[in-house]
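Architecture at a glance
Residues per chain are reported as follows:
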Amino acid sequence: MTWLVILSSLVIAQATGSQGAAATGRGQDEVLSIRQLDVGQGDAALITTPEGRRILIDAGPNAHQVAGILRSEGIDTVDLMVASHAHADHIGGMPAVFLAVTVRAYMDNGIPHTTATYARTIAAAEREPGLQYLAATGRTITLGSATVRVLPPPRVDGSQNNNSVGLLIEYGDFSALYTGDSERRELTHWLRAEPIPSVELVKAAHHGARNGVTANWVEATAPQLVLIPAGSRNRYGHPSPFALQLWTAGGARIYRTDQMGEIEVKARRDGTFTVHLSTDRGGR
Amino acid sequence: MTKDSSKIFVVDRREGKIVVLVDDDGNTTEVEAASLPPRCRREGTVLRVPIGARSVPLWSKAVSDPAEKKRRLADATARLAKLKRKDPGGDVTL
């Protein structure tokens, strides 16, 4: 697979600062890699810290695709797997991931679902030897030089989307927000209940749906970069023109898996980053 | 498929006017919400759907199965409770 590197003008401007980081002994190879995998109409992101710790957030809709990616790349351990919520387009691949690799810790929103896909996922977690289950409470998880702060779901109702697990991933001055399929109600809850900082990267909630963003959320997070996982030719209208307009008006550059295939962001400790696009654009 | 030629689907989620159903093999089917009876459109509902000629699901004749939904939720809740006993609590370093 070959890659096209995108350097936005903003990133180029900031990259000047990264030379300072190198001069202090931190090599340019010390990057946090965030890969928004091209899983069609679903969601899966693989994050790797400079120390090689791996976080898998969701595993797409296909039963075998993400496990296949991990196996093909020789990955045998996922340190933390997070099911943002229990919908099949996010957990469809999880049972196979449990079979394919060692999963050290597993987090979900703690709200059961009635699908067989959910039952297989939870059964696979039960069978995983030595697994730590981590409830989605207001806790911080340290993986090498990165930290993950959990934004707990509000649990005001039984809705899966509005009880998505939120994750604030921080690596030095770089930060990224992953909030599953959270809709306006959950985003508004977090703005009231949690210190939501401005971040470099937001994974658009609910595949860029109209109900997955608010003006206040855009203003608070003020990302430079928005990743949208969506399937080409999906029937749901994801992403919506409304969401695209809000994020763009907020100053973000948008990258979509339905148009660009897999997207990788390599972040440095000083907050600068580069975006890498696969030239093998699946457009699934 | 059950003996009376019906099949179980679960409402995985709503996406606007589309209901996304998942069968017990994990296969996903999208149907217009209007093609299902109103009580069969809510997330988490377990449906029994008659299968007609050429194995076509008869969506308009779907019925909800609250007993099966209750059984599944009880099973999942018990498994989750068991998993939660593996939580070390507090902040964690991995």
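Calculation criteria
Residues numbered from 1 in each chain as written. Chains lettered and ligands numbered in written order. Predicted model: local features only at pLDDT ≥ 70, side-chain atom pairs only at ≥ 80, totals over all residues. Heavy atoms only, no water. Helix = DSSP H or I, 4+ residues; strand = E, 2+ residues; numbered from the N terminus. Contact = heavy atoms within 4.5 Å. Polar contact = N/O pair within 3.5 Å; in protein donor to acceptor, adjacent residues only side chain to side chain. pLDDT = per-residue confidence, 0-100. Pairing = 2+ DSSP bridges. Axes fitted to C-alpha atoms, helices over the stretch in contact; angles between N-to-C directions. Buried < 20%, exposed > 50% of the residue type's maximum accessible area, 1.4 Å probe, protein only. Arc of directions from axis to C-beta. Right-handed = clockwise from strand over helix to strand, strands pointing away. Buried area = accessible area lost by both parts, 1.4 Å probe. Salt bridge = Lys/Arg side-chain N within 4 Å of Asp/Glu carboxyl O.

1. Describing the environment of Leu191 of chain A
- Relative to the helices and strands, Leu191 of chain A resides in helix 6 (residues 184–193).
- Apart from residues lying up to four places away in sequence, Leu191 of chain A is in contact with Ile196, Asn216, Trp217 and Ala220 of chain A.

2. As for the side chain of Glu15 of chain B
- Within the secondary structure, Glu15 of chain B is located in strand 1 (residues 6–15).
- At 3.0 Å, the side chain of Glu15 of chain B and the side chain of Arg13 of chain B are in polar contact.
- Excluding residues that lie within four positions of it along the chain, Glu15 of chain B makes contacts with His206, Tyr236 and His238 of chain A together with Val20 of chain B.

3. Topic: the confidence of the model for chain B
- Averaged over all residues, the pLDDT of chain B equals 95, while 96% of them reach at least 70.
- Overall fold confidence (pTM) sits at 0.92, and the ipTM for the predicted complex is 0.94.

4. Here we look at the sheet that holds strand 8 (residues 140–143) of chain A
- Taken together, eight strands build an open sheet; the order of strands is 14(A)-13(A)-12(A)-11(A)-10(A)-9(A)-8(A)-6(B) and the sheet is mixed. Edge positions in the sheet fall to strand 14 (253–256) of chain A together with strand 6 (92–93) of chain B, since each has one partner strand and no second.
- As paired strands, strand 11 (residues 174–178) of chain A and strand 12 (residues 201–203) of chain A are joined by three bridges and run parallel to one another. Bridged to Leu177 of chain A within strand 12 of chain A is Val202 of chain A.
- Strands strand 12, strand 13 (225–228) and strand 14 of chain A of the sheet are contacted by helix 8 (residues 241–249) of chain A, whose axis makes an angle of about 140° with strand 14 of chain A.

5. Notes on the sheet that holds strand 3 (residues 28–32) of chain B
Residue and element names in this part refer to chain B.
- The strand order across the open sheet formed by five strands is 3-2-1-4-5, and the pairing between neighbours is antiparallel. Edge positions in the open sheet fall to strand 3 and strand 5 (63–64), since each of these has one partner strand only.
- Note: strand 4 (residues 46–50) against strand 5, two bridges, orientation antiparallel. Within the sheet, the bridge partner assigned to Leu47 lies in strand 5 and is Ser64.

6. Describing helix 8 of chain A
All names here are of chain A.
- Every buried residue of helix 8 is listed here: Ala243, Leu244, Leu246 and Trp247. Seen end-on, helix 8 carries its buried residues on one side only, within an arc spanning 165°. What points out from helix 8, more than 90 degrees from its buried face, is the exposed set Pro241 and Ala249.
- Its buried side turned inward, helix 8 meets strand 12, helix 7 (215–221), strand 13 and strand 14.
- Two residues or fewer after helix 8 comes Gly251, characterised by a positive phi angle close to 100°.

7. As for the pairing of strand 14 of chain A
Residues and elements named next belong to chain A.
- One ladder, built from four bridges, connects strand 13 with strand 14; its direction is parallel. Within strand 14, the position partnered with Leu227 by the bridge is Tyr255.
- Once you follow strand 13 into helix 8 and on to strand 14, the crossover reads as right-handed.

8. Quick look at unusual backbone geometry
Residues and elements named next belong to chain A.
- The omega torsion of the bond from His238 to Pro239 falls at -5°, within 30 degrees of zero and hence cis.
- You will see that His207, though not glycine, has its phi angle at about 60°, which is positive.
- If you trace the backbone, His207 turns up in the loop between strand 12 and helix 7.

9. Some points on the interface of chain B and chain A
- Taken together, the 36 residues of chain B in the interface contact 43 residues of chain A.
- Surface buried jointly by chain B and chain A totals about 3,300 Å² across both partners, of which 52% is contributed by carbon and sulfur atoms.
- Counting every contact that joins chain B to chain A gives six salt bridges.
- Here Arg13 of chain B and Asp89 of chain A are joined by a salt bridge, their closest N and O atoms 3.7 Å apart.
- If you look at where chain B meets chain A, you find 24 residue pairs in polar contact (both at pLDDT 80 or more).

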